[in-house]
Amino acid sequence: MPSPSPKSGRMMSQQPVLKNRRTLLERAEKFISEIYFTDCNLRGRLYGDSCPLESLASFLSSKRITFTEASKQNFAPHKVGDTFGPTWWTCWFKVTLNIPDSWRGKEVHLLWESDGEAMVWRDEQPVQGLTKEGEKTSYILSDCLKDEEPHSITLYVEVACNGLFGAGEGSMIAAPDPNRMFSVQKAELVVFNREVRELLTDFEMLIDIVKELGEGEQRGYQALFTVNEMVNLCDPCDPSSFSKVHSLAHNFFSQRNGESQHNTHAMGHCHIDSAWLWPYEETIRKCGRSWVTVIRLMEKNPEFVFTCSQAQQFQWVKSWYPGLFSQIQHYVKKGQFIPVGGAWVEMDGNLPSGESMVRQFLEGQRFFNHEFGIHCKEFWLPDTFGYSAQLPQIMQGCGISNFLTQKLSWNLVNTFPHNTFFWEGLDGSKVLTHFPPGNSYEMKGKVEDLVKTVKNNKDKGRANHSAVLFGFGDGGGGPTQLMLDRLHRVRDTDGLPKVQMSSPDRLFSELQADSALLCTWTGELFLELHNGTYTTQAQIKRGNRQCETLLHDIEIASSLALCQDGTFQYPVEKLQELWRLLLLNQFHDVIPGSCIEMVVEDALRYYEDIRRDGSTLLHNACGALGSKGNSAGVFNSLPWERHEVIQIQDGAGKPDLALVRVPSIGLSPVKDTQPGTQVSVSIQADGTILMENGILQTVINKDGTLASLYLISANRYSIYDSCYGNQFIMFDDVPLYWDAWDVMDYHLQTRFRVVSSGGLRGSVSFTLRISDKSTITQEIVMDAMCPYIKFNTEVKWAESHKFLKVEFPVRVHSPSATYEIQFGHLQRPTHRNTSWDWARFEVWGHKWADLSEHNFGVALLNDCKYGYSVHKNTMTLSLLRATKAPDANADMGTHHFTYAVMPHTGSFQDASVIQCAYNLNFPLRSIRCTPDTVPWNAFSISSAAVILETIKRAEDRKGALVVRLYESHGSSVTATLCTTLPVREAWPCDLLERQDPTQPAHITSEGIILNFNPFQIVSLLLILRL
Ligand SMILES: [Zn+2]
């Protein structure tokens, strides 16, 4: 029988407690509360003595300047609580401090609380990120103060005038408030009681176990009684009581699981959007702040593993914080700091072209290899608006067979059925895919995260391993010591899943080793949310498409020039720089348009840089290709002969038209040829205009709608009876679905007039006032020999929450429509049978979409749009939106774009819809040549199914080209690639250009023989005889 303690109540610990879960739980909660009883509870003991700073002074800068520059400025005295700003400025603080000698043996922190994100600099190096929102308010000056340690220290603190999530006015995703002011609320020295911190973590974890396991689990009650007993034994005023309390908790945490328990693979992570609610430049500092903090944690926690994606961010840190970068290199070598993903940025999963996606990996993997000697085996894209069906093949081609994401848990309508599964792409390539079942890439290491991971796992019994990614994310921040401490306590605690600090490699090898029962998902991973991202920020979309096209042409022209002209220098470095700008803008909040206005301005400036420098490169390459004469010539970068009407200048320098014939991937002088049939344009009695080119015949109403569209060879009208084609519609764009729409009341503003009266081209133009604020001006163009009608469009757009689309109700009946995606195409339903069909009411596609029945169809082509919907027989192209957050001025202003309609017989494959969409996007380029230049072609391919997409200089070999082809029809085919270039050898290679040395490509006198499976991408290394 224990003797009664002098403190009454301690005896209670030996007696049965009241059967009331709530009282016990609340008692424990109050014991560590940050709000209640902090004068007498344990939480109130976290900090001991405090001491003011010796001095605090500040200097305000409108720009983000370097430490060296900042430290030279004049700093003025600053009081805690003084405000500074406005938004996006930077306030530098000079902090001098003097640690009292009496704190010997104590842990000493600089406590810094501010609403701006901060970086501490010491001895000219960044040492610690501080952000209140990311629960980092302490910089550790000493773990255990010794006499010989410096007591007088000068630090600099760089405070960005923005929070972790920018500076949204009112709400996080509202447009930023440009006038927000910031302050430092606390800056002082404190004694930090580590023992109290440890106990608080014990209490917190046990309380959470009680709450998360609920009343149905015996283990929860065991936690409850343990924590109650801990309250009994703990005297916050008497640290000698702590060790007993801690060992009670320790005993509970050490009661181990059985062998069958679920395994979680904890990995520190810090999702940093490369730009979103803040500009690119701020992201550089976010990386610095977040990653230096990670390094500090690694110094103290040798088992801590941190996964980090996006080569671009490493590149930024390398050039802005070289000291930090070498520390990172050190921890990469130790296997703690793990570069993941293999991509240049975490790009949008829908909109970048196939070649852009390849380049994301080419630049990313090469960077990681060069800087760290690392090859990423997983693709890492937790946060984007859907995933193309061609990604598995692209990943595999880049040496990646695992994929981690989680965004599909955001689906609005249907619950995605798997967490761990094989994802099979368009060509049949498979990758092992894992969605962390906790549905988050920014967990906090709490009991809730672990319990959710087990409960939500939709592959219970099939997959017994899951990822737990912990650390503040989106705006950066990353893991904290507290998160590590939490996870460390419950490594193997009966009732909770097992926790091991792990890596993507370990997680995926465990999953792979036990994958027999895993299911397969075939086709795209479509996100049923945010479908407006295919259309928002139309200038960014246009910049992306045009720059992808431009870089394609530069690489082809430069590759040919390399073979034609021995003195030509292939612009390796400049091209890499331009590609990297393009790839950066494909980040998953930039190209989708979900970013603030400042980011849009940066992105558009980067596109301007690419256009400006790119046109010089193209000019130089074309100059080296032609024989530098003075006559007009044309360069064709596409792998088929083209016979098209182009705009030229006549002898007097006036614009004129010519019909030219140019061989595939080659050039030709402009020799005007005559079309088989001229275009005729006639104004009919009712004021409508009839245009005809021998292929198509159309009647255009005065408001620009098509009264009819007739495919002559098929004797077939394409527009549905009593409907009009080219009909604009404006939707109210407020709710989640665009159900409500206005049938627009068009007003013809200018005369409907004929611009080109026939011959090589017929065209009419008109202007519609579509509201009191916006107008559409359009030129409808029919060219000789051309199987489609073009709509060159200019919109002056000043709407609010409206969505502009154009419709073509066509005479085609089919349950599915086809859309171009990266290196291929796929079908989606035109009906709404199930919720899965219905949820795809707005979808994405690239250059074309097609609705076909047997032997007849209509295709809708575009030169910079991505949003489509085809419902029943109505084909719709999404044109412009007018969202107001997070960019209040999104899409306001003037827009230019072209779309085209193309009725056809046969299938879209046989009708060359794919080639026509390429022609629309890749205009023939004007060059100068001598009049006697013989038309010349570099490559041709024997099968219409195979598209030669890319020709570039090989990354690592001066005398070699890489060509990339893909099968576009969805067929198995053998094709011959012919070239007039001096090719000595040809070798298959992967998308990273790594040669497959086992067998050279099969070369015959006809050319290189290539076999393709449906949608297969094939890359070849061509060794030149130069
Ligand atoms: Zn993100």
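- The name that an unreviewed UniProt entry assigns to the protein chain is alpha-mannosidase, with the source organism given as Dicentrarchus labrax.
- Per UniProt, the protein chain has the following entry under Catalytic activity (unreviewed entry): "Hydrolysis of terminal, non-reducing alpha-D-mannose residues in alpha-D-mannosides."
- Looking at the protein chain in UniProt, the text filed under Sequence similarities (unreviewed entry) is "Belongs to the glycosyl hydrolase 38 family."

Examining the UniProt feature "domain: Glycoside hydrolase family 38 central" (unreviewed entry) in the protein chain
- UniProt feature "domain: Glycoside hydrolase family 38 central" (unreviewed entry): in the numbering of this structure it lies at residues 528-607.
- Strand forms 0% of residues 528-607 and helix 65%; the C-alpha atoms that close the span are 30 Å apart.

Describing empty space enclosed by the protein
- Tallied over the entire structure, the rule returns five cavities of 30 Å³ or more.
- As a volume, the largest cavity reaches approximately 270 Å³.
- Lining the largest cavity we find 23 residues, and of these S353, G354, E548, K847 and E949 sit closest to its centre.
- Looking at the lining of the largest cavity, the elements that each hand over two or more residues are α9 (354-372), α14 (538-564), β38 (816-821), α18 (913-921) and β49 (946-953).
- Counting residues per element, the lining of the largest cavity draws most heavily on α14, which supplies five residues.
- Looking at the lining of the largest cavity residue by residue, the class counts come to eight nonpolar, eight polar and seven charged.
- Looking at the second largest cavity, its volume works out to about 80 Å³.
- P829, R832, R840, F841 and V870 are, among the 13 residues lining the second largest cavity, the residues nearest its centre.
- Going through the elements one at a time, β39 (824-829) and β43 (867-871) are the ones with two or more residues in the lining of the second largest cavity.
- For the lining of the second largest cavity, the element with the most residues is β43, which contributes three residues.

A few points about a nonpolar patch on the surface
- Residues I35, Y36 and F37 make up a contiguous nonpolar surface patch of about 370 Å² in total accessible area.
- Mapped onto the elements, F37 comes out in the loop between α1 (21-31) and β1 (47-52).

Here we look at the nonpolar core
- One finds W291, F337 and F939 to be the most contacted residues of the largest nonpolar core, which totals 282 residues.
- Once residues lying within four places of it in the same chain are set aside, the contact partners of F939 are L560, S664, I665, L948, I951, V963, L977, C978, T979, L981 and L1022.
- Listed in part, the 30 residues of the second largest apolar core include L53, L110, L130 and L189.

Topic: the pairing of strand β45 (residues 893-905)
- Looking at chain direction, strand β36 (residues 789-797) and β45 are connected through nine bridges and run antiparallel. Bridged to E794 within β45 is H896.
- Note that strand β42 (residues 856-862) and β45 share seven bridges and pair antiparallel. In the strand pairing of β45, L861 is matched with A900.

A few points about the coordination of the zinc ion
- Protein coordination of the zinc ion is provided by H271 (NE2), D273 (OD), D383 (OD) and H588 (NE2), with donor distances spanning 1.9 to 2.1 Å.
- Relative to the metal, the four donor atoms surrounding the zinc ion lie at angles of 89 to 159°, and the coordination shape comes out irregular.
- Counting residues between consecutive donors of the zinc ion along the chain gives the motif H-x1-D-x109-D-x204-H. Here D383, found in the loop between β15 (378-380) and α10 (391-397), pairs with H588, found in the loop between α15 (572-585) and α16 (597-625); they are 205 residues apart in sequence, far enough to count as distant.
- Owing to a relative accessible area of 6%, D383 belongs among the buried residues under this scheme.

Considerations on the sheet that holds strand β8 (residues 125-130)
- Here we have six strands laid out as an open sheet, ordered β3-β2-β5-β10-β7-β8, and antiparallel in their pairing. The two strands at the open ends of the sheet, each matched to only one other strand, are β3 (76-77) and β8.
- Of the pairings in the sheet, the one linking strand β5 (residues 90-98) to strand β10 (residues 152-160) comprises nine bridges and is antiparallel in character. Its bridge partner lying in β10, T90 is registered against A160.
- Seen against the sheet, helix α6 (residues 280-300) touches β5, β7 (117-122), β8 and β10 and runs at an angle of roughly 90° to β8.

Focus on the layout of surface pockets
- Of the volumes computed, that of the second largest pocket is approximately 1200 Å³.
- Along the wall of the second largest pocket there are 46 residues; nearest its centre are E644, K790, N919, L920 and P923.
- Sort the elements by how many residues they give to the lining of the second largest pocket and strand β23 (residues 642-649) lands first, with six residues.
- A per-class count over the lining of the second largest pocket returns 18 nonpolar, 15 polar and 13 charged.

Considering the side chain of Q393
- Looking at the secondary structure, you find Q393 in helix α10.
- Assessed through its relative accessible area of 8%, Q393 is described here as buried.
- Apart from the residues within four sequence positions on either side, Q393 is in contact with D427, S429, L991, F1015, Q1016 and I1017.

Considerations on the packing of aromatic side chains
- Scanning the model with the defined rule gives 49 aromatic pairs in all.
- Taken together, a centroid distance of 6.2 Å and an interplanar angle of 40° make the contact between W92 and W121 tilted. Of the two residues, W92 sits in strand β5 while W121 sits in strand β7, which places them 29 residues apart along the sequence.
- A relative accessible area of 0% places W92 in the buried class.
- Using a relative accessible area of 7% as the deciding quantity, one classes W121 as buried.
- With centroids separated by 6.1 Å and ring planes inclined at 75°, the aromatic side chains of F367 and F368 adopt a geometry described as edge-to-face. Just as F367 is buried, F368 falls in that class too.
- Taken together, the aromatic side chains of W291, F304, F306, F314, F325, F337, W344, F367, F368, F372 and F470 make up a single cluster linked through ring pairs.
- Stacked on the ring of W278, the Lys or Arg K286 has its end atom at 4.2 Å from the ring centre.
- The positively charged end of K407 is found above the aromatic ring belonging to W410, 3.4 Å away from the centroid.

Considering the environment of I1008
- Here I1008 lies in strand β54 (residues 1008-1012).
- Judged by relative accessible area, I1008 falls into the buried class, the value being 3%.
- For the pair I1008 and K790, spaced 218 residues apart in the sequence, the C-alpha separation amounts to 37 Å.
- Here I1008 is in contact with A975, T976, L977, A986, A1001, H1002, I1003, L1020 and L1022, once residues within four sequence places are set aside.

Overview of helix α7 (residues 311-320)
- Looking at α7, one finds that the buried residues are A311, Q312, Q313, F314, W316 and V317.
- Each element contacted by the buried residues of α7 is listed here: α6, β13 (306-308), α8 (322-333), β14 (337-339), α9 and α15.

Section: unusual backbone geometry
- The omega angle of the peptide bond from G85 to P86 is 0°, so this bond is cis rather than trans.
- Here P86 shows up in the loop between β4 (83-84) and β5.
- In this structure, the amide linkage connecting A885 to the following residue, P886, adopts the cis form with an omega of 0°.
- Within the secondary structure, P886 is located in the loop between β44 (874-881) and β45.
- Located in the positive-phi region is F37, a residue other than glycine, with phi close to 55°.

About the criteria used
- Residues numbered from 1 in each chain as written.
- Predicted model: local features only at pLDDT ≥ 70, side-chain atom pairs only at ≥ 80, totals over all residues.
- Heavy atoms only, no water.
- UniProt positions renumbered as here; feature names shortened; annotations may be inferred.
- Helix = DSSP H or I, 4+ residues; strand = E, 2+ residues; numbered from the N terminus.
- 1 Å grid on protein atoms, 1.4 Å probe; cavity = no way out; pocket = protein on both sides within 12 Å on 5 of 7 lines; lining within 4 Å.
- Points joined across faces, edges and corners; volume = space filled by probe spheres on them.
- Nonpolar A, V, L, I, M, F, W, Y, C, P; charged D, E, K, R; others polar.
- Patch = residues over 30% accessible without salt bridge, like charges linked within 9 Å, V, L, I, M, F, W, Y side chains within 5 Å.
- Areas by Shrake-Rupley, 256 points an atom, 1.4 Å probe, with all protein chains shown as cover.
- Salt bridge = Lys/Arg side-chain N within 4 Å of Asp/Glu carboxyl O.
- Core = buried A, V, L, I, M, F, W, Y, C linked by side-chain atoms within 4.5 Å.
- Buried < 20%, exposed > 50% of the residue type's maximum accessible area, 1.4 Å probe, protein only.
- Contact = heavy atoms within 4.5 Å.
- Pairing = 2+ DSSP bridges.
- Donors = N, O, S within 2.8 Å, 3.2 Å for Na, K, Ca; no water.
- Tetrahedral: all angles 85-135°; square planar, octahedral: opposite > 155°, others 65-115°.
- Axes fitted to C-alpha atoms, helices over the stretch in contact; angles between N-to-C directions.
- Phe/Tyr/Trp six-rings, centres within 6.5 Å; stacked < 30°, edge-to-face > 60°.
- Lys NZ or Arg CZ within 6 Å of the ring centre and 35° of its normal.

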